[in-house]
Amino acid sequence: MRFEDRTLAGTLGALPWGLILMLISMALIGTAALYSSTYTNPAEAGLPARHAVRFMISLALMFVIALVPIKIWLQAAWPAYFITLAMLVGVEMFGVSGGGAQRWLPLGPINVQPSEFMKLALTLALARYYHNNLPNAGGRFFIHLPPLLLIVVPAALIFKQPDFGTTLALFASGGVLIYLAGLYYRVIAAVFVTGLISVWPIYQFVLEDYQRERVDTFLAQLTGQAVNALDDGYQIEQAKIAIGSGGWQGRGFMEGIQAQLDYIPEQHTDFILTVIAEEFGFLGATGLLVLWGIILVWGLVIARTSASLFGRFAAAGCVATVGFFILFNVAMVLGLVPVVGVPLPLVSYGGTVMFTTMACFGIIMSVHLGRDERLGGQGVI
């Protein structure tokens, strides 16, 4: 059935409510984990309630995005990308600084973070580009050069803010879409080799001092070298202690020593998984990740069933964006990658990643509702 032929009740009934309930469950788990991690800290006592309120607002936003016909998102892709890109340039010129980074753009009484908007805008722009150009592509190499430019330009602006986590997210989600569009393996190998060659110059001449310190600490821990557990290596060492002390079944809700004594800095944001691992053990943390896996696979199934290339690429790109956050956060907490500052979606405290996550699922659900639509270059055929 065409999107426009449904009543509002019929449209709401056609939504994937199983997926929505799993997203709600994930947010409830995050609220409970935040309550436990902030229980003994009066200064952070209000974080769980604010987390829940932000989720309700983001959930409403997801429904609004989902109810917008997919053809509208196709038409809005390029304007959204270039407007967001202009906002990133505005951050360079008029941006507001905070916490050692210049990431916010003042718009009237509020400050917005355009880098978060770019995650979704880039996905839509790449989806539209491949939707229009992939069917008529004579070759498989040169068609990927414009998408690479679409990724590199905003990524360079965001890296300069500096925001290394979001920069990686753009390359990860954009790279997934380029791969899905059909990239020769020899090209992938060449890009991989080029990336390896670029590691030292980037480390030496591009990274800030504090970023190099994080990389040095990570490499020292990875190679078994001594790290000052009270300085650079403190956070990750405490995280490992928390995860290990949880064992298989955990110490019980609100019984975690590391969590209750607030040993882990920023445990309510980037390291919230340590709270869950300590209190609910390996089984609880694994169950959380399995639930996220089911959610992401559901999103990929929606992408695969779309009748349009735009729908497939848009949904797959949104899944890749959220999947990157999860994969990198877990790897960071386990000490497998340097500490960058990537939260766990819907579980960590933070409004920006929650907004991005729910907006992505709004697009995925819009694709689901319009999965039978066959789109031309400007809309429905």
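Just above, that's the structure.
Attention here is on the structure that accompanies the text. Remember, predicted model here, so these are calculated numbers, not experimental data.

1. Section: the overall build of the chain
Piece 1. Within the chain, the regular secondary structure consists of 14 helices and 3 strands.
Piece 2. A buried classification covers 50% of the 381 residues belonging to the chain.
Piece 3. Long-range contacts, defined as pairs at least 24 residues apart, comprise 74% of the intrachain contacts of the chain with a sequence gap of at least 6.
Piece 4. Of the roughly 17,400 Å² of accessible surface on the chain, 68% is carried by carbon and sulfur atoms.

2. Observations regarding the packing of aromatic side chains
Piece 1. In this structure the tally under the stated criterion is 13 aromatic pairs.
Piece 2. Taken together, a centroid distance of 5.7 Å and an interplanar angle of 70 degrees make the contact between phenylalanine 159 and phenylalanine 164 edge-to-face.
Piece 3. Within the aromatic cluster, the residues linked to one another by ring pairs are Trp78, Tyr81 and Phe82.

3. Looking at unusual backbone geometry
Piece 1. The omega torsion of the bond from glutamine 161 to proline 162 falls at -5 degrees, within 30 degrees of zero and hence cis.
Piece 2. Within the secondary structure layout, proline 162 lies in the loop between helix 6 (145-159) and helix 7 (164-180).
Piece 3. You will see that methionine 254, though not glycine, has its phi angle at about 65 degrees, which is positive.
Piece 4. Its place among the elements puts methionine 254 in the loop between helix 10 (234-246) and helix 11 (257-260).
Piece 5. A positive phi is found at leucine 346, a non-glycine position, where the angle reads about 65 degrees.
Piece 6. Looking at the secondary structure, you find leucine 346 in the loop between helix 13 (309-333) and helix 14 (351-369).
Piece 7. Residue leucine 346 is classed as buried on the basis of its relative accessible area, which comes to 1%.

4. Some thoughts on the pattern of salt bridges
Piece 1. The tally for this structure, following the rule as stated, stands at 3 salt bridges.
Piece 2. Close ionic contact of glutamate 92 with lysine 160 constitutes a salt bridge, the shortest N to O distance being 3.5 Å. One end of the pair, glutamate 92, is in helix 4 (residues 70-94); the other, lysine 160, is in the loop between helix 6 and helix 7, with 68 residues separating them in the sequence.
Piece 3. Here lysine 119 makes a salt bridge to glutamate 116, at a shortest N to O gap of 2.9 Å.

5. Observations regarding the side chain of serine 37
Piece 1. With respect to the helices and strands, serine 37 occurs in helix 2 (residues 17-38).
Piece 2. What serine 37 contacts, discounting residues up to four positions off in sequence, is Ala259, Gln267, His268, Ile272 and Val275.

6. Side note on the side chain of threonine 321
Piece 1. Checked against the element boundaries, threonine 321 lands in helix 13.
Piece 2. Those residues in contact with threonine 321, other than ones at most four positions away along the chain, are Lys119, Thr123, Ser173, Thr356 and Cys360.

7. Some points on the packing of helix 4 against helix 5 (residues 114-133)
Piece 1. In the contact formed by helix 4 and helix 5, the axes pass within 8 Å of each other and the chain directions differ by 140 degrees. Relative to helix 5, the element helix 4 lies oblique. In the crossing of helix 4 with helix 5, the sense of the turn from one axis to the other is left-handed. Contacts between helix 4 and helix 5 involve Trp73, Leu74, Gln75, Ala77, Trp78, Ala80, Tyr81, Thr84, Leu85, Met87, Leu88 and Val91 on the former and, on the latter, Pro114, Ser115, Phe117, Met118, Ala121, Leu122, Leu124, Ala125, Arg128, Tyr129 and His131.

8. Some details on the environment of glutamate 213
Piece 1. Counting through the fold element by element, glutamate 213 comes out in helix 9 (residues 209-222).
Piece 2. Taking relative accessible area as the criterion, glutamate 213 reaches 41% and is therefore assigned partly exposed.
Piece 3. Spatially, the C-alpha atoms of glutamate 213 and proline 338 are 9.6 Å apart, while their sequence positions differ by 125 residues.

9. Describing the packing of helix 3 (residues 47-66) against helix 14
Piece 1. The geometry of helix 3 relative to helix 14 is characterised by a closest axis approach of 8 Å and an angle of 30 degrees between their N-to-C directions. Looking at the two axes, helix 3 sits roughly parallel to helix 14. In terms of crossing hand, the pair formed by helix 3 and helix 14 is right-handed. On the side of helix 3, the interface is formed by His51, Arg54, Phe55, Ser58, Leu59, Leu61, Met62, Ile65 and Ala66, while helix 14 contributes Gly351, Met354, Phe355, Met358, Ala359, Phe361, Gly362, Ile363, Met365, Ser366 and Leu369.

The rules behind the values
Residues numbered from 1 in each chain as written. Predicted model: local features only at pLDDT ≥ 70, side-chain atom pairs only at ≥ 80, totals over all residues. Heavy atoms only, no water. Helix = DSSP H or I, 4+ residues; strand = E, 2+ residues; numbered from the N terminus. Buried < 20%, exposed > 50% of the residue type's maximum accessible area, 1.4 Å probe, protein only. Contact = heavy atoms within 4.5 Å. Areas by Shrake-Rupley, 256 points an atom, 1.4 Å probe, with all protein chains shown as cover. Phe/Tyr/Trp six-rings, centres within 6.5 Å; stacked < 30°, edge-to-face > 60°. Salt bridge = Lys/Arg side-chain N within 4 Å of Asp/Glu carboxyl O. Axes fitted to C-alpha atoms, helices over the stretch in contact; angles between N-to-C directions. Parallel < 35°, antiparallel > 145°, perpendicular 65-115°, else oblique. Left-handed = near helix turned anticlockwise from the far one by under 90°.

Note that all results are geometric; they support no functional claim without further evidence.
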